[in-house]
Amino acid sequence: MSSVILRCIGRQARHIKQSTWKRRYRVSLEGSVPPSSVSVRTVDLRSDTVTQPGPAMRRAMAEAEVGDDVYGEDPSVNKLQELAAHLFGMEASLFVPSGTMSNLISVMTHCQQRGEEIIVGDRAHLHVYEQGGSAQCAGVHARTVRNNPDGTFNLDEVESKIRHDFPDSHYPRTRLICVENTHNITGGRVLPHSFLKELRALADRYGLAVHMDGARLMNAAVAMRVQPSEILQYADSVSMCLSKGLGAPVGSLLGGTKPFVERAVRARKVLGGGMRQAGILAAAGIVAITDMVDRLQDDHRNAKAFAQALLQTKEPLYWVDVEAVETNIVVFKILDPHVDPDEFCRRMKGVTVEEAEVMGQGVRVLMQPHYDNSVRAVWHLNVSEEDTRLAIHKMAYVTERFNQETSRL
């Protein structure tokens with residue numbers, strides 16, 4: 001029998017096996033327990049953006065002193081920006097509605113002419129998830145370099161991408177190099193000091209600026225046990241989210257020199273980011289950067305515990321590099337070719353009668369399908385050690401049930 005026919009038969013058999021398992025899985029979900037009939041606990045690991053402000057933060061927001069921030073008269077916003085500048089070790093900072101806007105403002109401020117160019121990693125949030133805003137809104141071209149598994153990139157490749165033809169009318173002018181710390185897609189990896197130091201030297205050699213998308217900068221600082229300013233000594237600007245692990249409902253902070261921030265104010269205004277009496281939101285940000293940083297280590301510890309549990313199942317269904325789990329993000333691959341991330345996530349989310357009987361309660365664990373047949377889970381302040389234990393038990397239960405079902409195929 002020809003090798004082509006054998007390959008076709010093999011593919012058909014795998015498809016039948018996978019389809020059979022999916023049908024059985026759908027049947028199990030049809031028997032899901034209504035939330036009213038059994039105790040169901042939800043552990044939301046989709047993202048650290050789902051955090052809820054606690055009582056102290058809500059109280060600070062309710063009692064915030066406010067003014068018109070577009071006129072620079074909101075005392076709570078001004079206090080937050082002063083605290084952030086000190087935290088960053090930079091001259092000034094600016095409170096903006098979101099990290100996406102903050103990154104775009106940085107690109108617009110560093111690249112003041114349309115048709116200029118940034119160099120950015122091919123798996124950077126700024127490049128993948130922000131709708132191409134630098135091109136769409138700012139007229140700035142992005143040239144990519146390949147991200148390594150640890151979030152860094154090859155500096156020789158960066159150097160090869162720097163344009164040297166200006167003012168030749170055929171080419172854009174390289175102005176800015178962007179990095180991400182921690183790096184989201186690669187699993188919350190922390191960029192090493194050595195990499196940032198070498199990048200800074202390269203940028204200086206060619207007169208380029210460096211912007212750090214530090215959406216989870218404080219996770220990096222806690223993981224490395226350093227002040228954020230130690231990391232940011234290698235960057236000209238930074239964007240840091242308040243609405244992720246730090247628990248604020250809205251907002252990001254942009255840091256840089258005073259002239260940079262003065263120009264950034266104009267970019268924020270044209271993008272619709274002038275928020276008037278924004279002190280109500282800034283008050284939450286003040287609580288975030290003063291009271292919510294140290295507890296990030298709890299998220300890191302819980303994420304590591306879940307990653308280790310993935311490798312302790314009886315049958316090897318998952319692969320994760322535990323040493324690469326440096327902060328609050330776990331990205332793990334599913335080894336069985338008959339299970340795709342969507343099916344796995346649906347199964348972790350579903351609650352069945354059998355599960356409630358076996359575990360004593362229903363546990364709904366929310367996760368996200370990710371790159372390369374993988375799943376992403378993110379820890380945050382609303383996921384406790386007990387929640388993590390329940391998520392581990394749910395994962396073990398799902399794994400055991402899956403193995404039982406596939407063994408009968």
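Residues numbered from 1 in each chain as written. Predicted model: local features only at pLDDT ≥ 70, side-chain atom pairs only at ≥ 80, totals over all residues. Heavy atoms only, no water.

Asks: Even after reading the chapter, I still don't get the overall build of the protein, so can you show me in this structure?
Replies: Helix and strand counts for the protein stand at 16 helices and 13 strands. What you see for the protein is a C-alpha radius of gyration of 24 Å, in line with the 22 Å of a compact globule of 409 residues. Structurally, the protein occupies a C-alpha span of about 65 × 60 × 35 Å along its principal axes. When each of the 409 residues of the protein is scored for burial, the buried share is 53%. Relative to all contacts within the protein whose residues are 6 or more apart in sequence, the contacts with residues 24 or more apart total 75%. Of the roughly 18,700 Å² of accessible surface on the protein, 49% is carried by carbon and sulfur atoms. (Helix = DSSP H or I, 4+ residues; strand = E, 2+ residues; numbered from the N terminus. Rg over C-alpha atoms; globule rule 2.2 N^0.38 Å. Buried < 20%, exposed > 50% of the residue type's maximum accessible area, 1.4 Å probe, protein only. Contact = heavy atoms within 4.5 Å. Areas by Shrake-Rupley, 256 points an atom, 1.4 Å probe, with all protein chains shown as cover.)

Asks: Hey, could you run me through the UniProt feature "domain: Aromatic amino acid beta-eliminating lyase/threonine aldolase" (unreviewed entry) in the protein in this one?
Replies: Within the UniProt annotation, "domain: Aromatic amino acid beta-eliminating lyase/threonine aldolase" (unreviewed entry) is assigned to residues 44-331. Across residues 44-331, helical content stands at 40% and strand content at 16%; the span's end C-alpha atoms are separated by 15 Å. (UniProt positions renumbered as here; feature names shortened; annotations may be inferred.)

Asks: Even after reading the chapter, I still don't get helix 9 (residues 217-224), so can you show me in this structure?
Replies: Every α-helix winds through 3.6 residues per turn, so residues three or four apart in the chain are directed the same way. Of all the residues in helix 9, the buried ones are L217, M218, N219, A220 and A221. Looking at the buried side of helix 9, the elements it contacts are helix 3 (75-88), strand 6 (209-213), helix 10 (228-232), strand 7 (237-241) and helix 13 (296-310). Just beyond helix 9, the residue with positive phi is R225, at close to 60°.

Asks: Help me understand unusual backbone geometry, please; the structure alone is not making it clear to me.
Replies: Most peptide bonds take the trans configuration, and most residues that are not glycine carry a negative phi. The amide bond that connects F166 to the next residue, P167, takes the cis arrangement and shows omega of 10°. Within the secondary structure, P167 sits in the loop between helix 7 (155-161) and strand 5 (173-180). The residue D372 is not glycine, and still its phi comes out positive at about 55°.

Asks: Please clarify how the state of the cysteines should be interpreted in this entry.
Replies: As used here, a disulfide is simply a covalent bond connecting the sulfur atoms of two cysteines. On inspection of all chains with the given rule, the structure shows zero disulfides. Between C178, a free cysteine, and C111, which holds the nearest cysteine sulfur, the sulfur-to-sulfur gap is 7.6 Å. C178 gets classed as buried once you look at its relative accessible area, which sits at 4%. (Disulfide = S-S within 2.5 Å.)

Asks: How should the UniProt feature "modified residue: N6-(pyridoxal phosphate)lysine" (unreviewed entry) in the protein be read in this particular structure?
Replies: Under the UniProt annotation, "modified residue: N6-(pyridoxal phosphate)lysine" (unreviewed entry) lies at K244. Here K244 lies in the loop between strand 7 and strand 8 (252-256). Judged by relative accessible area, K244 falls into the buried class, the value being 14%. Apart from the residues within four sequence positions on either side, K244 is in contact with D48, T49, T51, A215 and R216.

Asks: Before we go on, may I ask you to explain the packing of helix 4 (residues 99-110) against helix 11 (residues 258-270) in this structure?
Replies: A pair of packed helices can be characterised by two numbers: the angle between their axes and the separation between those axes. Interaxial distance between helix 4 and helix 11 falls to 9 Å at its minimum, and their mutual angle equals 120°. With respect to each other, helix 4 and helix 11 are oriented oblique. Crossing handedness for the pair helix 4 and helix 11: right-handed. For the pair helix 4 and helix 11, contact is made by M101, I105, S106, M108, T109 and H110 and by F260, R263, A264, A267, R268 and V270, respectively. Grouping the constituent residues of the contact of helix 4 with helix 11 by class yields seven nonpolar, three polar and two charged. (Axes fitted to C-alpha atoms, helices over the stretch in contact; angles between N-to-C directions. Parallel < 35°, antiparallel > 145°, perpendicular 65-115°, else oblique. Left-handed = near helix turned anticlockwise from the far one by under 90°. Nonpolar A, V, L, I, M, F, W, Y, C, P; charged D, E, K, R; others polar.)

Asks: How should the pairing of strand 2 (residues 92-96) be read in this particular structure?
Replies: In summary, the side chains of a regular strand alternate between the two faces of the sheet. With respect to burial, strand 2 is a largely interior element, five of its five residues being buried. Residues A92, L94 and V96 line one face of strand 2 and the alternating positions S93 and F95 line the opposite face, and both faces are buried. Sheet analysis places strand 2 next to strand 8, joined by five bridges and oriented antiparallel. Along strand 8, the bridge assignment pairs L94 with L254. (Pairing = 2+ DSSP bridges.)

Asks: When you look at helix 11 in this model, what are you seeing that I'm missing?
Replies: Over its 13 residues, helix 11 extends 19 Å from the first C-alpha to the last, a length consistent with the 18 Å expected when each residue adds 1.5 Å. Among the residues making up helix 11, those that are buried are F260, V261, A264, A267 and R268. An end-on view of helix 11 places all buried positions within 110° of arc, on one side of the element. Of the exposed residues in helix 11, those oriented more than 90 degrees away from the buried face are E262, R266 and V270. At the N-terminal boundary of helix 11, the capping side chain belongs to T257, with an oxygen 3.2 Å from the backbone nitrogen of F260. (Expected span 1.5 Å × (residues − 1). Arc of directions from axis to C-beta. Polar contact = N/O pair within 3.5 Å; in protein donor to acceptor, adjacent residues only side chain to side chain.)

Asks: What exactly am I supposed to notice about the packing of helix 9 against helix 13 here?
Replies: Relative orientation of the contacting elements helix 9 and helix 13 amounts to 80°, with a least axis distance of 9 Å. The orientation of helix 9 relative to helix 13 falls into the category roughly perpendicular. Within the contact between the two elements, helix 9 uses M218, N219, V222 and A223 and helix 13 uses L296, Q297 and H300.

Asks: Could you clarify how one ought to interpret the nonpolar core in this entry?
Replies: Burial of nonpolar side chains together is a common tendency in soluble globular proteins. Membership of the largest hydrophobic core comes to 52 residues, with the highest contact counts inside it found for F88, F153, M212, M240, L242 and L246. Broken down by element, the residue count for this core peaks at six residues, all from helix 12 (residues 279-291). The contact partners of L246, leaving out residues within four places of it in the chain, are M57, M218, M240, C241, A288, I289, M292, V293, L296 and L381. (Core = buried A, V, L, I, M, F, W, Y, C linked by side-chain atoms within 4.5 Å.)

Asks: How do you make sense of the environment of R114 when you look at a structure like this?
Replies: Relative to the helices and strands, R114 is located in the loop between helix 4 and strand 3 (116-121). When sequence neighbours within four positions are dropped, the list of residues in contact with R114 reads C137, A138 and G139.

Asks: Teacher, can you tell me more about the environment of N302 here?
Replies: When you line up the elements, N302 lands in helix 13. You can call N302 buried: its relative accessible area is 6%. Taking the C-alpha atoms as reference points, N302 and D387, separated by 85 residues in sequence, lie 9.2 Å from one another. Excluding residues within four positions of it along the chain, N302 makes contact with W379, V383, S384, E385 and T388.

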